[in-house]
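# Topology and contacts: notes
One-letter residues, chain by chain:
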Amino acid sequence: MRFRTRPALRRIALTGAALLAAAAAVPPAAASAAADAGAARAPSGGGLSALVRYTENGVPHILAKDYADLGFGTGWAQAADQVCVLADGFLTVSGERSRWFGPDAAPDGSLSSAVGNLSSDLYFKGIRQTGTVEKLLATPAPAGPGKDVKELMRGWAAGYNAWLAQNKITDPACKGAAWVRPVTAVDVAARGYAVAVLGGQGRGIDGITAAQPPAAAPGAGARTGAGATGAPAPGDGIDPAAAAEAARQFFDTSRYDMGSNAVAFAGSATASGSGLLLGNPHYPWQGGRRFWQSQQTIPGELNVSGGSLLGTVVVNIGFNDKVAWSHTVATGTPVNLHQLALDPADPTAYVVDGVSEKMVPRTVSVPVKGGAPVGRTQWWTRFGPVVTSLGAGLPLPWSATTAYALNDPNAVNLRAFDTALAMGRARSVAGIQDAQRRTQGLPWVNTVAADAAGATLFTQSQIVPRITDELAARCSTPLGRATYPSAGLAVLDGSRGDCALGSDPDAVQPGVFGPAKAPTLRDAVYAENSNDSAWLANAEHPLTGYERVWGNTGTPRSLRTRGALEDVSAMAAKGALTVADLQAQQFANRVPAGDLAAADAAQACAALPGGTATASDGSAVDVSAACPVLARWDRTAETASRGALLFDRFWRRLTATTAAKDLWQVPFSAADPVRTPRTLNRSAPGIGRALADTVAELKAAGIALDAPLGEHQFVVRGGQRIPVGGGTEALGVWDKVEAVWNAAGGGYTEVVHGSSHIQAVGWDGSRCPVARTLLSYSQSSNPNSPYYADQTRLFSGERWVTSRYCEKDILTSPALRVVWPRERR
């Protein structure tokens, strides 16, 4: 790679423009020929290459003649911005973290929920050892990935490797590290596989790798074959009520480190008659689940702009000239359990319809830094791996009579890239639906979309096990009868063949629902989701009738959902909406919890005798100064808001210790789910204590009760504090941020997850979409990059990036920088 002078840059960029112009003017076959002719001038030396045009904030516009070259340019450009994060993730999926960092060190939390490197490595090394990813790559489409996606993965690996070979790493996170290595297409696919099982096996890794059989009963003889019998034991001491609550918490999307808001408005509510889409995913600000911005173009074939999860070869959320979409984390339970009746003679055999079946052992050995390799056997069944827990709160003990197998249908789903690619090619929301119907690759998200013709879409077309309510009623064990209603987690009787999941005729793999069963809403004036179930995608037209595994209905919504529905329904009623209205909604920073409770909290505070309250430690605290601060607070989470921090710390404490039945005077009503529960109970137990604890905490830290939020909610980049607006899940703010509280360090000192790749997209009748974007944590995690904090400062100032989608906009960028990376052979 070498940089050229400005006139040369223009000539190279115009070569790309000529390709696009030719593609727009001629049929696809001729466009492909034109692309081939133009790309022949690339200095590829017979290898892969791509044209990469950088515009403001380091956003690359990648132009290529085919999918392998497009993958090459994407892998190269991602490595340039995020090589250390990517290399770290490739260690994870190869099962080599213990080798380099030690078995007890913290793992890469972006690709699983393992608590340590050893369990992470044992799982991922087992996946590699059994050739799971290779087998899925070899599966013919549509059950397996298609040719174009395989070419993208091949090209991505080549581009990443070319960048490593041709550049010096300056990021201190991995500069000079021996663990940064070239990768293969299988490595790229393995990373995609890890993302697919993130909500299933990825959350059960510790329970999978720790599962070991109990010792066989002394003197027991082998007993196998048709004469063996068995039925699940009651549950080996598991308390169903406790398990139900643990399962509810485990699958509660409000507790995840990923979430999102998205809303689509129909043409009837907009000024132009075209649709509008606002996407606001809440993803981690560090690590391998960061988004990265780009535009991917193959003339006459693909032209899509948006955000990609690091290491993925496609645009995951984005837009083209006709349609825009975003995803939100869905409430569908992506797994189920099968409770196994074990053969009395062998705890590694289970009985199905009276026949004993041996588990399949997978013995895995992991290299360990400074010590001998560690080996352990995992146990697999026809249903999936044996698992002994789902999180710390839901133990699933393997006893002499009972074990539990985890069924994750996404463990045979390597189609997510195909779905994203097909959506990028779509020309309408109907095309988005068709893309999902054909590929069926989304593992744990909903889709919200709008198009230039004014149509809207919400669909929960995720891959979930085919658990009908009828099946759950007929086949649930006692444990399942508790966990299915509470969390959608079915625990089925694994000893009965008639409890198999079955198949839908429109499903591309057995044991899952076909797309016709997914909760879907078409062409509503608005379609919105904030990580609650599909029930209130439009509050005026509730979605009902779907199976419990997809999510619940008729239950309280989160404050974020309630606030969002209030906002977007008012916007739709106002009408004549534009992209500017979407931008205003993103940064309105209204605090729904404040609107509901701040005034009553201030009055409850003022009514405390002597202005004092008793703290948790029994001390008396003067809280009188907090009362007027709460009363005067503007009910927003702007960086300048005084009282927002006080209310936030108070509200977290109050809601953590006070049940909803004691907190609100008006209880939840399914007939009025957006407005209930409401009216704070001023005499609720805990208000005084929460006030006392909050005032004591802030005073001890030297933080004024009326300090502006931005002085104590910030991130540090390059030694400088950058104020961050927005609010927490507890507050219900659309612009969600969850930060680390460190009172001694000044307050909320680092954002862990929250608003990430934001896009506001519409159409005005021209050939170019009207799009504004913002990547809250910026394009690069390298502190030496000019794109390390630039968009973070924009986010702080509530300023946006004007997307450059059309060629004329790319070529007129004052920041235009053109490179033509190539594979050197």
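Residues numbered from 1 in each chain as written. Predicted model: local features only at pLDDT ≥ 70, side-chain atom pairs only at ≥ 80, totals over all residues. Heavy atoms only, no water.

## Looking at the pattern of salt bridges
- A complete count under the given rule lists 42 salt bridges for this structure.
- Notably, a salt bridge pairs Arg 128 with Asp 187, separated by 2.8 Å at the nearest N-O pair. Note that Arg 128 is positioned in helix 5 (residues 117-129) and Asp 187 in helix 8 (residues 185-196), a separation of 59 residues in sequence.
- Assessed through its relative accessible area of 4%, Asp 187 is described here as buried.
- For Arg 474, the salt bridge is made with Asp 498, and the minimal N-O distance between the two is 3.6 Å. With a gap of 24 residues between them, Arg 474 in helix 13 (residues 469-475) and Asp 498 in the loop between strand 18 (491-493) and strand 19 (520-522) connect regions that are remote in the sequence. (Salt bridge = Lys/Arg side-chain N within 4 Å of Asp/Glu carboxyl O. Helix = DSSP H or I, 4+ residues; strand = E, 2+ residues; numbered from the N terminus. Buried < 20%, exposed > 50% of the residue type's maximum accessible area, 1.4 Å probe, protein only.)

## As for the environment of Gln 509
- Here Gln 509 lies in the loop between strand 18 and strand 19.
- Sequence spacing of Gln 509 and Ile 463 is 46 residues, and the spatial spacing of their C-alpha atoms is 9.7 Å.
- Within the structure, the side chain of Gln 509 is placed 2.8 Å from the side chain of Arg 415, a separation counted as a polar contact. (Polar contact = N/O pair within 3.5 Å; in protein donor to acceptor, adjacent residues only side chain to side chain.)

## Observations regarding the nonpolar core
- Counting residues in each nonpolar core, the largest one holds 217 residues, and the members touching the most others are Tyr 160, Phe 265, Phe 647 and Trp 651.
- Discounting chain neighbours no more than four positions away, the residues touching Phe 647 are Ala 593, Gly 594, Ala 597, Ala 598, Leu 630, Trp 633 and Leu 731. (Core = buried A, V, L, I, M, F, W, Y, C linked by side-chain atoms within 4.5 Å. Contact = heavy atoms within 4.5 Å.)

## What about the pairing of strand 8 (residues 323-329)?
- The buried fraction of strand 8 amounts to 7 of the 7 residues, a majority that puts the element mostly inside the structure.
- Both faces of strand 8 are covered, namely the face carrying Val 323, Trp 325, His 327 and Val 329 and the face carrying Ala 324, Ser 326 and Thr 328.
- Where strand 7 (residues 317-319) meets strand 8, 2 bridges bridge the pair, whose relative direction is antiparallel. Each bridged residue has a counterpart across the sheet, and for Gly 318 the counterpart in strand 8 is Trp 325.
- Taking the residues that link successive antiparallel strands as the turn, the strand 7-strand 8 hairpin has 3 residues.
- Taken together, the 7 bridges between strand 8 and strand 16 (residues 445-451) define a ladder with antiparallel strand orientation. Paired with His 327 across the two strands is Thr 447, which belongs to strand 16. (Pairing = 2+ DSSP bridges.)

## Description of the state of the cysteines
- For the structure shown, the criterion picks out 4 disulfides.
- In this model Cys 84 forms its disulfide with Cys 174; the gap between the sulfur atoms is 2.0 Å. One quick way to see it: the torsion about the S-S bond of Cys 84 and Cys 174 is about -80°, and its sign makes the bridge left-handed. Highlighted residues: Cys 84 in helix 3 (residues 67-94) and Cys 174 in the loop between helix 7 (147-166) and helix 8, separated in sequence by 90 residues.
- Under the relative-accessibility criterion, Cys 174 is labelled buried at 2%.
- Each bonded cysteine of the chain is numbered by sequence order, and under that numbering the disulfide pairs are 1-2, 3-4, 5-6, 7-8. (Disulfide = S-S within 2.5 Å.)

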